[in-house]
Amino acid sequence: MAQIRRFGFGLQALIVLALTSEQRSSAEIAEEIRCEPTALRKILAQLAEAGIVEVKQGRAGGYQLTRKPGEITLSEIYNALHEEEPLWNQMLDTTGNHLFGKKVNESFQKIMTDIIVQVDHVLGTYTIADLLE
């Protein structure tokens, strides 16, 4: 599953959890957001590992947020689900090991760093609570 799709499904799962104080099973969440349950469990496991959700095992178990929706930034979620290189890193593949390619590579790396900083900044200004409005 592509990184951005994981991020989208992760956000939707967290919105579902934010709308109730009760635990929700992965099957219930998957059905509500129309996501394949196995893929959603992987997403929820990553979010649990990052401390964004907690999971209780067993028949009465399920998932719930570890903090209030206003305390969970989209940047935190994106970073928890981030596994792959950003698409713009593929720009480096177009530069060669010659003088011109090396110069362009330096410029591309600066651009990629700026993109990463800006994406993190923008996502850091939003929380799950903002998505509930």
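Only a predicted model underlies this, so the values are computations on that prediction, with no experimental measurement involved.

The rules behind each value
Residues numbered from 1 in each chain as written. Predicted model: local features only at pLDDT ≥ 70, side-chain atom pairs only at ≥ 80, totals over all residues. Heavy atoms only, no water. Helix = DSSP H or I, 4+ residues; strand = E, 2+ residues; numbered from the N terminus. Rg over C-alpha atoms; globule rule 2.2 N^0.38 Å. Contact = heavy atoms within 4.5 Å. Areas by Shrake-Rupley, 256 points an atom, 1.4 Å probe, with all protein chains shown as cover. Lys, Arg positive; Asp, Glu negative; His and termini not counted. Charge placed at Lys NZ, Arg CZ, Asp CG, Glu CD. Core = buried A, V, L, I, M, F, W, Y, C linked by side-chain atoms within 4.5 Å. Buried < 20%, exposed > 50% of the residue type's maximum accessible area, 1.4 Å probe, protein only. Pairing = 2+ DSSP bridges. Polar contact = N/O pair within 3.5 Å; in protein donor to acceptor, adjacent residues only side chain to side chain. Axes fitted to C-alpha atoms, helices over the stretch in contact; angles between N-to-C directions. Parallel < 35°, antiparallel > 145°, perpendicular 65-115°, else oblique. Left-handed = near helix turned anticlockwise from the far one by under 90°. Nonpolar A, V, L, I, M, F, W, Y, C, P; charged D, E, K, R; others polar.

(A) Summary view of the overall build of the chain. Counting its regular elements, the chain contains six helices and two strands. Relative to the globule expectation of 14 Å for 133 residues, the C-alpha radius of gyration of the chain, 18 Å, shows a markedly less compact shape. For the C-alpha atoms alone, the extent of the chain along its principal axes is close to 65 × 30 × 20 Å. In the chain, 65% of the contacts between residues at least 6 apart in sequence involve partners at least 24 apart. Carbon and sulfur atoms make up 54% of the accessible area of the chain, which totals about 8,200 Å². Here the chain contributes 13 positive and 18 negative side-chain charges, whose respective centroids are spaced 3 Å apart.

(B) Here's a closer look at the nonpolar core. Ranked by internal contacts, the top residues of the largest apolar core, which has 29 residues, are L14, I29, L47 and I77. Among the elements of the structure, α1 (3-18), α2 (26-33), α3 (37-49), β2 (62-65) and α4 (74-81) are those that each provide at least two residues to this core. Here the element with the most residues in this core is α1; it accounts for eight residues. Discounting chain neighbours no more than four positions away, the residues touching I77 are F7, L11, L14, L47, I52, I72 and I128.

(C) Expanded view of the pairing of strand β1 (residues 53-56). Summarising the sheet, β1 and β2 pair through four bridges and their orientation is antiparallel. Looking at β2, one finds that V55 is bridged to Y63. With antiparallel pairing between neighbouring strands as the criterion, β1 and β2 make up a hairpin whose turn holds five residues, including G58 at a positive phi of roughly 105°.

(D) Layout of the side chain of R24. Turning to its location among the elements, R24 is positioned in the loop between α1 and α2. In this structure R24 comes out as buried when scored by relative accessible area, which is 19%. Looking at R24, its side chain comes within polar contact range of the side chain of E32, at 3.0 Å. The residues touching R24, leaving out its near neighbours within four places in the chain, are V16, L17, I29, E32, G62 and Y63.

(E) Summary view of unusual backbone geometry. With a phi close to 60°, R34 is a non-glycine residue in the positive phi region. Along the polypeptide, R34 turns up in the loop between α2 and α3. Assessed through its relative accessible area of 67%, R34 is described here as exposed.

(F) Structural detail: the packing of α2 against α3. Two numbers describe how α2 lies on α3: the axes approach to 9 Å, and their chain directions differ by 115°. By the angle class used here, α2 and α3 are roughly perpendicular. Between α2 and α3 lies a crossing of right-handed hand. Between α2, through S26, I29, A30 and I33, and α3, the contact on the second element is made entirely by P37, L40, R41 and L44. In terms of residue class, the contact of α2 with α3 is built from six nonpolar, one polar and one charged.

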